[in-house]
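Tertiary structure, described
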Amino acid sequence: MFVLLSQLARIRRERGLQRSAPRSVAIRHVDAGSCNGCEHELGAASNPFHDIARHGLEVVASPRHADILLVTGPVTSRMLEPLLMAHAAMPEPRMVAALGDCALGCNLLGDRGEFVGSVDQVLHVDIRIPGCPPAPDVIARQILMALGDTRGA
Amino acid sequence: MTELVRIDAAQLRQATELILAEGASFAGAWASEQAGIPMWRVLMSTSRGTRALTCAATEPIPSITDLVPAADWDEREAQDLCGVSFQRETPVRTLATHSPRAQDWMTAVSGSGVHQVAVGPVHAGVIESGHFRLHVVGERILAMDPRLFYKHRGLERAARGEQSDAAIAYAQRACAACAVTNSVAYAQAVEQATGTGPDRRLRVARTVLLELERLYNHLNDCGALCAGVGFAPGTMAFAALKDRAQQLNMRGFGHRFLFGTVRVGDGGAHLAADESDALRSELRELQVDTAAAWRELSFAGSVQARLEGVGVLDADAARCMGAVGPAARAAGIREDARSSSSGLAYDGFTPASIPSPRGDVSSRLQIRGVELEQSFELLRALLDGEMPAGSASIAGERSPIGVGRVESPRGATVCAVELDGDRVGRMHLRSGSYANWPALAEACAGNLLPDFPLINKSFELCYACVDR
């Protein structure tokens, strides 16, 4: 397989094909300890009212297929390892988005001993989407803006 | 009024048997503290109100799980999170503590050809985090062990010492999809402990909010079931109906999940007459469109055929496991906390029923259809002109403990609050989901592995308000 992959890479290099501007982005979601509000709204972003797929945004089943890791909730001590494993499984280049106030470390409720903290205390965060929870259209708009896409949501 | 009955730990089993013989039902159990001494409380719901059997937890406590199988998770949680120990014939398996040793938390399964399938905590869809360990032979599920508490945030511990009115935030934030239920149950518990009671206006306002919460949740669950069988048109239609219900929440109360609308001692939401009328007529439109979508779903033969006979939880099993809500009613148990909610406006309420309750996935979908219609009708009757916020006033004496019991979209949710002056001494939230998780595990046994997502979605339980 590696021979085949290196042959393909050589052909691409020799042809010098330019990558086009990104038009599709694959998102993998990890709930690191949320109240389920962000999950409902991320799900709603795919409903007929919002339909994030029209912007080329797609929620994929595996971190191995993802460009963006979308993390919700404060990071609980029990979710730290699964979160880091999902991140490590992603191909590079990869981005991390913190979805919702908890993920951003705002107004956290609970026993401090059960948290590791906000997402940026664990991973480098590229995209910040505030709200409790952020509305479905806000989720799409913030991701597109962060990618420098001005088509709007 | 919740009566605290102090007994010796050695008498707990006998006292439990006695109260069960009187027709009481188990409503939850939690570890607490009184004058520095660890205590164990077992809450029983009787026809005359709730009674909390309470004993010191300094020594191992005799387990009651052979008398009340529904208390299994409560005891396991208290062992893991509060260090209470129990005397059982077999070792008490861990629940909230994630032991790396399989025998500490899994069902012991052996035999030729048995293997395990591990799912989660990170799932393929946009779903909360939790792990399932399925023991299978070929395609057949022998047993399923849910391992939750990945999202444990220590909310109950953090609420300790907070002002009792401000600490409602801990109940609300436990779970977005049950935010109103959990907050109302908490408010009722504090109000009972402080000897206050809601006036008619507050009862109506809280009931409206609870039914709006049920509406978007039930619409969500119908869509989730469609997704479970790969019926995309149904998934999308119900996702759109759910969104419309949440848009109404936003327009009427400023939040799609109705956050901040419930307060202790008074109302946090009101509607002017024109707002109430607008909400009523928009709900009427939503009701018509929901009925149309429901008809389509009923006649989608390929969908319906996939649901029948799958994931059966019969009435005996449901009763034994302590199942509540639509899961219990789909098995023919006509119980609903709304029929005994004196602090709310459910006068003359009759629990929903379906013609032939079989306790399968199909029945759990059917019961939601009936309950959607019921919620629309309740809201139509309650939204009659201006909806004032209402308030609560002194109605009786203070008591050391208060209990609120509210029907969430997933079943009876119980919140117990022990006050220490005007601060929270102990808060315990036992949601409808918490009561139903062991029943879900039971319903999976004997089914095909590929049907697990479908069975799971037919219960559509929360993880967040279990993990807390």
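An account of the accompanying structure is given in this report. (Residues numbered from 1 in each chain as written. Chains lettered and ligands numbered in written order. Predicted model: local features only at pLDDT ≥ 70, side-chain atom pairs only at ≥ 80, totals over all residues.)

1. What to know about the pairing of strand E14 (residues 423-430) of chain B
Residue and element names in this part refer to chain B.
- Within E14, six of the eight residues are buried, leaving the element largely enclosed by the surrounding structure.
- The sheet contact formed by strand E13 (residues 411-420) and E14 spans seven bridges and is antiparallel. In the strand pairing of E14, Val417 is matched with Met427.
- Counting the residues that bridge the hairpin from E13 to E14 gives two residues, and of these Gly421 lies at a positive phi of roughly 70°. (Buried ≥ 20, exposed ≤ 12 C-beta atoms within 10 Å, placed from the backbone. Helix = DSSP H or I, 4+ residues; strand = E, 2+ residues; numbered from the N terminus. Pairing = 2+ DSSP bridges.)

2. Regarding the interface of chain B and chain A
- Counting from both sides, the interface comprises 32 residues of chain B and, opposite them, 31 residues of chain A.
- For the side of chain B that touches chain A, the secondary structure elements donating two or more residues are helix H4 (155-159), helix H5 (168-172) and helix H8 (232-253) of chain B.
- Considering only residue class, the side of chain B that touches chain A consists of 21 nonpolar, four polar and seven charged. (Contact = placed C-beta atoms within 7 Å. Nonpolar A, V, L, I, M, F, W, Y, C, P; charged D, E, K, R; others polar.)

3. Let's talk about helix H14 (residues 432-444) of chain B
Residues and elements named next belong to chain B.
- Taking 1.5 Å of rise per residue, the 13 residues of H14 would be expected to cover 18 Å, and the 19 Å separating its terminal C-alpha atoms lies within 8% of that figure.
- Roughly 30° is the biggest bend found in H14, and it falls at Pro438.
- Burial within H14 is extensive, with 11 of its 13 residues counted as buried.
- Every buried residue of H14 is listed here: Gly432, Ser433, Tyr434, Ala435, Asn436, Trp437, Ala439, Leu440, Glu442, Ala443 and Cys444.
- Phi turns positive one or two residues past the end of H14, at Gly446, with a value near 90°. (Expected span 1.5 Å × (residues − 1). Bend = angle between axes of the 7 residues up to and from the residue.)

4. Considering the sheet that holds E13(B)
Residue and element names in this part refer to chain B.
- Reading across from one edge, E12-E13-E14 is the order of the three strands in this open sheet, with antiparallel pairing throughout. This sheet does not close on itself; its edge strands, each paired only once, are strand E12 (401-408) and E14. This sheet shows a mean twist of 15° between the axes of neighbouring strands, independent of strand direction.
- Across the sheet, helix H6 (residues 179-193) is in contact with E12, E13 and E14; its angle to E12 comes to roughly 155°. (Axes fitted to C-alpha atoms, helices over the stretch in contact; angles between N-to-C directions.)

5. Section: the nonpolar core
- Formed by 181 residues in total, the largest nonpolar core has its most connected members in A:Val71, A:Leu99, B:Cys175 and B:Val417.
- With 14 residues, helix H7 (residues 200-228) of chain B is the largest single contributor of residues to this core.
- The residue makeup of this core includes at least three contributed by each of domain 1 (2-87) and domain 2 (155-432) of chain B.
- Contact partners of B:Val417, with chain neighbours within four places excluded, come to B:Tyr186, B:Ala189, B:Val190, B:Ala193, B:Gly402, B:Val424 and B:Met427. (Core = buried A, V, L, I, M, F, W, Y, C linked by C-beta atoms within 7 Å. Domains from an automatic or database assignment.)

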